[in-house]
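Structural features, examined
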Amino acid sequence: TCSEVGGRMQPQQAHHRTNGNDAGAVSLPTEECFEKLRQYVGGCEVELRGIEEALEETVTEVWDAFSDVIAVRYEATEHCETHELIRTDHSLVGKVMMALSSLTTEMSSLREHAERRFYAPLASFGERFEDGSLPEGEESSNVAALLPLLEELSVFVQQCYSTVLNAIAQLSGVYSDKSKHYRETFKGARVGAFLTALGELLRVLVTLDAVIGSNAELRLSWEEYKRMLQSAALEPEMFGINSKRVGRLLMAVMRLEGEVLCGGIFRGCAMQQFTAPAPDGGGGGGGGGAPPPPPG
């Protein structure tokens, strides 16, 4: 009957209400947990976005060694004098170590100076973006602009000669069978860093010869410049210059050609007059005195 049906439905409705209350009681802690989790994730997202924005310039803009013109070197470098590193009670050993160490530093400095100053300008002389002949007089103008660098190269080569001469004299003074200091103190001593620096400096001289000799544009422009100077020396009035000044310039050009442009830079070093110091003269007393100052 309807009353029976109604009576049966009342417990069921009560049962459903109880289940609904239980579900609501269970869902409240779950919702609170999810809400805390959402807040935590949102906070982390905001914090990570702030870090990304703060580091955006350094993360996205990476230095490109091939396209960027300017770079900043921030590596820490040591500044310590050679005499501060040498501590010995043997005066002769101290003098020899001081001489060899100073020469090693000097030869390394000369090598770095050549790589930084001379290789690129000499190798790239005459390079052009467009093919075709140059305007009249352009080759002579380019050589005239190169003369200060060639004069600087001539001074550098002479300094290398003096340093090599000094280094060989120091080795001859230390490693001499006639010297008692060699037999008693230096026999078996190894100077690997010194010999490496000496070999690298000699390699610089060979490289300079190779770089200059391989630049055909430099040779052609140089010959054109010499012909122009010779014509100006014969007829200075036509060029509107003083004959004495042209003569001095022509002599300087011929000197530079003989010193650095004829492929004899290394040969000039090898053909020096190497003299051995007197026996028992020690390692610090022969071969041209103190090493020359490093290049500016």
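Right, let's walk through the structure included here. Everything numeric here is computed off the predicted structure, so don't read it as measured data.

Between helix α4 (residues 91-117) and helix α8 (residues 192-214), the shortest axis-to-axis distance is 9 Å and the interhelical angle comes to 30 degrees. The orientation of α4 with respect to α8, classified from their angle, is roughly parallel. The interaxial crossing formed by α4 with α8 has left-handed handedness. Contact with α4, carried on its side by L100, L103, T104, M107, S108, L110, R111, A114 and E115, involves A193, F194, A197, L198, E200, L201, R203 and V204 of α8 and no other residues of that element. Grouping the constituent residues of the contact of α4 with α8 by class yields 11 nonpolar, 2 polar and 4 charged.

L122, L153, F156 and L208 are the most contacted members of the largest nonpolar core, which totals 46 residues. When contributions to this core are tallied by element, the ones reaching two or more residues are α4, α5 (119-124), α6 (138-174), α8, α9 (216-234), α11 (243-261) and α12 (265-270). When residues in this core are grouped by element, the largest group, 14 residues, is from α6. Discounting residues that sit within four places of it in the chain, F156 has contacts with L110, H113, A114, F118, V204 and L208.

Here we take up the environment of E106. Note that E106 resides in helix α4. The spatial distance from the C-alpha of E106 to the C-alpha of L198 is 9.8 Å, given a sequence separation of 92 residues. A polar atom in the side chain of E106 sits 3.3 Å from the side chain of Q159.

A separate point is the packing of aromatic side chains. Counted according to the given criterion, the structure contains 2 aromatic pairs. Between F118 and F156, the aromatic rings sit 5.2 Å apart at their centres with planes inclined by 50 degrees, giving tilted as the arrangement. With F118 in the loop between α4 and α5 and F156 in helix α6, this residue pair connects regions lying 38 residues apart in the sequence. Here F156 falls in the buried class, since its relative accessible area comes to 3%. Between W222 and Y225 the ring centres are 6.4 Å apart and the planes differ by 45 degrees, which places this aromatic pair in the tilted class. With W222 and Y225 both in helix α9 and 3 residues apart, the pair spans about one turn of that helix. A relative accessible area of 3% means that W222 is categorised as buried. Taking relative accessible area as the criterion, Y225 reaches 4% and is therefore assigned buried.

This part covers a nonpolar patch on the surface. Judged by side-chain polarity, F34, L37, Y40 and V41 come together as a nonpolar surface patch covering roughly 440 Å² of accessible area. With respect to the helices and strands, L37 occurs in helix α1 (residues 2-54).

Definitions and cut-offs
All residue numbers here refer to positions counted from 1 along the written sequence of the relevant chain. In view of the model being predicted, local features appear only for residues whose pLDDT reaches at least 70, and side-chain atom pairs are presented and counted only at 80 or more, with totals across whole chains, interfaces and linings using the full set of residues. Calculated side-chain values reflect all of the structure's heavy atoms, with hydrogen atoms and water omitted. Lines are fitted to the C-alpha atoms to define the axes, a helix being fitted only along its stretch in contact, and any angle between axes, read from their N-to-C directions, falls within 0 to 180 degrees. A run of H or I in DSSP counts as a helix once it spans at least four residues, and a run of E counts as a strand once it spans at least two, with each numbered from the N terminus. The labels follow the angle: roughly parallel below 35 degrees, roughly antiparallel above 145, roughly perpendicular from 65 to 115, and oblique for the rest. Crossing handedness: left-handed means the near helix sits turned counterclockwise from the far one by under a right angle, and right-handed means the same turn made clockwise. Should any heavy atoms of two residues lie within 4.5 Å, those residues are considered in contact. In this count, Pro and Cys sit with the nonpolar residues alongside Ala, Val, Leu, Ile, Met, Phe, Trp and Tyr, while Asp, Glu, Lys and Arg are called charged and the others, Gly among them, polar. Grouping buried Ala, Val, Leu, Ile, Met, Phe, Trp, Tyr and Cys residues that are joined through side-chain atoms within 4.5 Å yields what is termed a nonpolar core. For each residue, the accessible area found with a 1.4 Å probe, counting protein chains only, is set against the maximum for its type, and the residue is called buried under 20%, exposed over 50%, and partly exposed in between. By the criterion applied in these results, polar contacts are pairs of N or O atoms within 3.5 Å in which, for protein atoms, one can donate a hydrogen and the other can accept it, and in which residues neighboring in sequence qualify only through two side-chain atoms. Classification of ring pairs rests on two measures: the distance between centres of Phe, Tyr or Trp rings, Trp counted by its six-membered ring, which must be within 6.5 Å, and the angle between planes, read as stacked under 30 degrees, edge-to-face over 60 and tilted in between. For patch detection, residues must exceed 30% relative accessible area and be free of salt bridges, and they are connected within 9 Å for like charges or within 5 Å for nonpolar side chains (Val, Leu, Ile, Met, Phe, Trp, Tyr). Values of accessible area rely on a 1.4 Å probe in the Shrake-Rupley scheme; residue burial ignores everything except the protein chains shown. For this document, the term salt bridge refers to a Lys or Arg side-chain nitrogen within 4 Å of an Asp or Glu carboxyl oxygen.

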